[in-house]
Amino acid sequence: ILGGLAEHTQALVLPALGLVMTLSSMGVSSDIFSSPRSLVRPILAGIVMNYVILGGTLLLLNHFLINDPEISAGFILLAAVPPAVAVIPFSVMYRGNLNFTMLAAIGTYLSALLITPAIAVLFLGSSFVQPLKLLLVLVELILLPLIGSRLLLKTPLAKQLNRYRGDMINWIFFLVIYTLVGINRQVFLEQPLTIVPIAVIALLTTFGLGWLIGKVARAIGLSEPTTVSLMLLGTLKNYGTAAGLGLVIYGKQATLPATVATIAMILYALWLGLRPSH
């Protein structure tokens, strides 16, 4: 009904995502970095789950199911970005291993400053992706918010922000998701068949991959909290960042994979809350 307004909110997507990352990172205590040796295992696990398993599956399904070059580019960018910011609050909600999830997510975000441009250039080519421009966007979306969150925690403003942080993040996500769906409104209404292969990939890499990761983790004897953390890290990408990159580099068609995957993520989050723990 109000899809036309999304054209006017496009410019707010990247700043909004940077603000979400800043607010979300404020919930991470600096104390978790006090023991460097304890960081290695979760960081490696985060990179393997997010890039090797989830990223690899996205690239494979994209190769076989997607023909449109711009939508394909959107999936490649989706494979290249770090895990969703939501893995941390979801780890609390679904009784995951919170410290493990936080360390894995932060380590993966920092590694993304190198891995994301490498994947984008490798699969899209430097003629289509300007590595320096991509790196600057990643610095804006990842590095600066992480630094900003550390600085904010040292100010009196932190208490006030913590009180309203959850509501602020929800409303910012509303703005981002509204914009992504709004700018693709015509595709949803007039070309629904275009959405079908995208939805298939989105469902397979959330529900399908989550179920498989859970089965394997339990079969090798991992604890239920660690299993939940691995399921989150291995199924949820930062759809906002992927959409933001797609919008900046290619245009609105490249945001379709992230937009549809966001809808799948909402359904997947509900399933995680309803599924039996064993």
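Owing to the predicted nature of the structure, the values given are computational and were not obtained by experimental measurement.

**Q** I'd love a proper account of the pattern of salt bridges, names of residues and values included.
**A** With the rule as written, the count across this model stands at 1 salt bridge. Among the salt bridges present, the one from Arg-218 reaches Glu-224, with a minimum N-O distance of 3.1 Å. Given the relative accessible area of 28%, Arg-218 is considered partly exposed. Note on Glu-224: relative accessible area 18%, which makes it buried.

**Q** Just give me the short version of helix H10 (residues 192-219), but keep the residues and values in it.
**A** Between its first and last C-alpha atoms H10 spans 39 Å; for 28 residues at 1.5 Å apiece the expected length is 40 Å, and the two agree. The sharpest bend along H10 measures roughly 30° and falls at Leu-204. Restricting attention to buried positions, one finds in H10 the residues Ile-195, Ile-198, Ile-201, Ala-202, Thr-205, Thr-206, Leu-209, Gly-210, Ile-213, Gly-214 and Ala-217. Looking at the packing, one finds that the buried side of H10 touches helix H3 (40-65), helix H4 (69-80), helix H9 (185-190), helix H11 (224-233), helix H12 (239-249) and helix H13 (256-274). Positive phi shows up at Gly-221, right after H10, with a value of about 85°.

**Q** Can you break down the packing of helix H6 (residues 98-124) against helix H7 (residues 131-152) residue by residue, with the values?
**A** In a pair of packed helices, the angle between the axes and the distance between the axes together describe the arrangement. Where H6 meets H7, the axes come as close as 10 Å, and the angle between the chain directions of the two elements is 160°. In terms of axis orientation, H6 runs roughly antiparallel to H7. In this structure, the crossing between H6 and H7 has a hand that is right-handed. When H6 is examined against H7, the residues Tyr-109, Leu-110, Ala-112, Leu-113, Thr-116, Pro-117, Ala-120 and Val-121 are found in contact with a partner set consisting of Pro-131, Leu-134, Leu-135, Leu-138, Val-139, Ile-142, Leu-143 and Leu-146. Among the residues forming the contact of H6 with H7, the class breakdown is 15 nonpolar, 1 polar and no charged.

Definitions and cut-offs
- Residues numbered from 1 in each chain as written.
- Predicted model: local features only at pLDDT ≥ 70, side-chain atom pairs only at ≥ 80, totals over all residues.
- Heavy atoms only, no water.
- Salt bridge = Lys/Arg side-chain N within 4 Å of Asp/Glu carboxyl O.
- Buried < 20%, exposed > 50% of the residue type's maximum accessible area, 1.4 Å probe, protein only.
- Helix = DSSP H or I, 4+ residues; strand = E, 2+ residues; numbered from the N terminus.
- Expected span 1.5 Å × (residues − 1).
- Bend = angle between axes of the 7 residues up to and from the residue.
- Contact = heavy atoms within 4.5 Å.
- Axes fitted to C-alpha atoms, helices over the stretch in contact; angles between N-to-C directions.
- Parallel < 35°, antiparallel > 145°, perpendicular 65-115°, else oblique.
- Left-handed = near helix turned anticlockwise from the far one by under 90°.
- Nonpolar A, V, L, I, M, F, W, Y, C, P; charged D, E, K, R; others polar.

Any link to function would need more than the numbers given here.
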